[in-house]
Amino acid sequence: MRRVHRLGAGLLGAALTAFGVMGFARGLPFLSVDGPALMGMGSNGLLATISVVVGLVLVAAAWRGGAVASTTMTTLGVLFLVSGLANLAVLGTAANLLAFRFPNVVFSLLAGMALLFTGAYGRISGGLPSENPYARARAGDQAPDQESSRLRILEIDEMAAAENATSNGVATPEQAALVRADRIERAEAHRRRSHEHAERAR
């Protein structure tokens with residue numbers, strides 16, 4: 001899952017960076033509402049700069065790790081969707097500072113959905129499996145649970161070793177005391193259950 005986040009961020013980041021670098025190579029005017037076509041889309045120096053910055057952010061997020069990549073893609077996905085709708089409203093006007101054309105709008109919306117869905121993959125759900133790292137982070141108390149389970153396993157291992165040593169006649173005084181205490185506790189628990197059962201049967 002984290003590999004999906006990192007791979008998605010890396011590929012989309014590389015594509016955006018390449019688009020921006022191609023714009024710089026074409027010597028696009030920095031501000032132009034009707035820039036020349038680049039890969040079928042309008043572009044200018046400002047859009048090329050934004051593309052490189054966003055692309056490098058995604059690549060850096062992919063390098064940092066799956067959780068960072070996931071958060072970054074989800075955030076940028078929302079921004080791409082907003083950008084696509086906002087620039088659709090200013091097509092053909094003086095406010096079209098990024099030289100958007102309709103293919104740019106389509107790309108922005110598709111890229112936004114790809115970023116959003118890839119970033120949210122395996123993370124945003126009400127039924128995440130317990131081994132999912134985001135489920136553990138969401139629960140917030142997994143570390144104490146793990147520590148309790150570890151201590152319980154140690155107790156079971158210690159008791160098993162003590163019982164085995166006692167049955168073989170090689171138990172240390174501490175192991176013998178542990179086995180006696182366990183037997184007393186089991187007998188008391190059995191007595192309580194028998195008493196409760198008798199009470200319910202009346």
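Before reading further, recall that the structure is shown in the block above.
How each quantity is defined
Residues numbered from 1 in each chain as written. Predicted model: local features only at pLDDT ≥ 70, side-chain atom pairs only at ≥ 80, totals over all residues. Heavy atoms only, no water. Axes fitted to C-alpha atoms, helices over the stretch in contact; angles between N-to-C directions. Helix = DSSP H or I, 4+ residues; strand = E, 2+ residues; numbered from the N terminus. Parallel < 35°, antiparallel > 145°, perpendicular 65-115°, else oblique. Left-handed = near helix turned anticlockwise from the far one by under 90°. Contact = heavy atoms within 4.5 Å. Nonpolar A, V, L, I, M, F, W, Y, C, P; charged D, E, K, R; others polar. Buried < 20%, exposed > 50% of the residue type's maximum accessible area, 1.4 Å probe, protein only. Expected span 1.5 Å × (residues − 1). Polar contact = N/O pair within 3.5 Å; in protein donor to acceptor, adjacent residues only side chain to side chain. Patch = residues over 30% accessible without salt bridge, like charges linked within 9 Å, V, L, I, M, F, W, Y side chains within 5 Å. Areas by Shrake-Rupley, 256 points an atom, 1.4 Å probe, with all protein chains shown as cover. Salt bridge = Lys/Arg side-chain N within 4 Å of Asp/Glu carboxyl O.

A. Highlighting the packing of helix α1 (residues 2-25) against helix α4 (residues 102-120). The interhelical angle for the contact between α1 and α4, taken along N-to-C directions, is 160°, at an axis separation of 9 Å. The angle between α1 and α4 places the two elements in the roughly antiparallel class. Crossing hand, α1 versus α4: left-handed. Facing Val4, His5, Gly8, Leu12 and Leu16 of α1, the residues of α4 in contact are Phe107, Leu115, Thr118 and Gly119. Each residue belonging to the contact of α1 with α4 can be placed in one class, and the counts come to five nonpolar, four polar and no charged.

B. Highlighting the side chain of Ser108. With respect to the helices, strands and loops of the structure, Ser108 is situated in helix α4. Judged by relative accessible area, which is 3%, Ser108 ranks as buried. Once residues within four sequence positions are removed from consideration, Ser108 is found in contact with Phe80, Leu81, Ser83, Gly84 and Phe100.

C. Structural context of the side chain of Asn87. Along the chain, Asn87 turns up in helix α3 (residues 66-89). What Asn87 contacts, discounting residues up to four positions off in sequence, is Asn96, Leu98, Phe100 and Val105.

D. Fine view of helix α2 (residues 45-64). Given a rise of 1.5 Å per residue, 20 residues ought to cover 28 Å, and the 28 Å separating the end C-alpha atoms of α2 matches this to within 8%. Among the residues of α2, Gly45, Leu47, Ala48, Ser51, Val52, Val54, Gly55, Leu58, Ala61 and Ala62 are the ones counted as buried. Those residues of α2 that are buried lie in contact with α1, β2 (41-42), α3 and α4. Its side-chain oxygen 3.2 Å from the backbone nitrogen of Leu46, Asn44 forms the N-cap of α2. Within two residues after α2, Gly65 carries a phi angle of roughly 150°, on the positive side.

E. Local environment of a nonpolar patch on the surface. The grouping of Leu85, Leu88, Phe102, Val106, Leu110, Met113 and Phe117 at the surface amounts to a nonpolar patch, some 690 Å² of accessible area in total. Of all the secondary-structure elements, those providing two or more residues to the nonpolar patch are α3 and α4. Looking at which element gives the most residues to the nonpolar patch, the answer is α4, with five residues. Considering the arrangement of structural elements, one finds Leu88 in helix α3.

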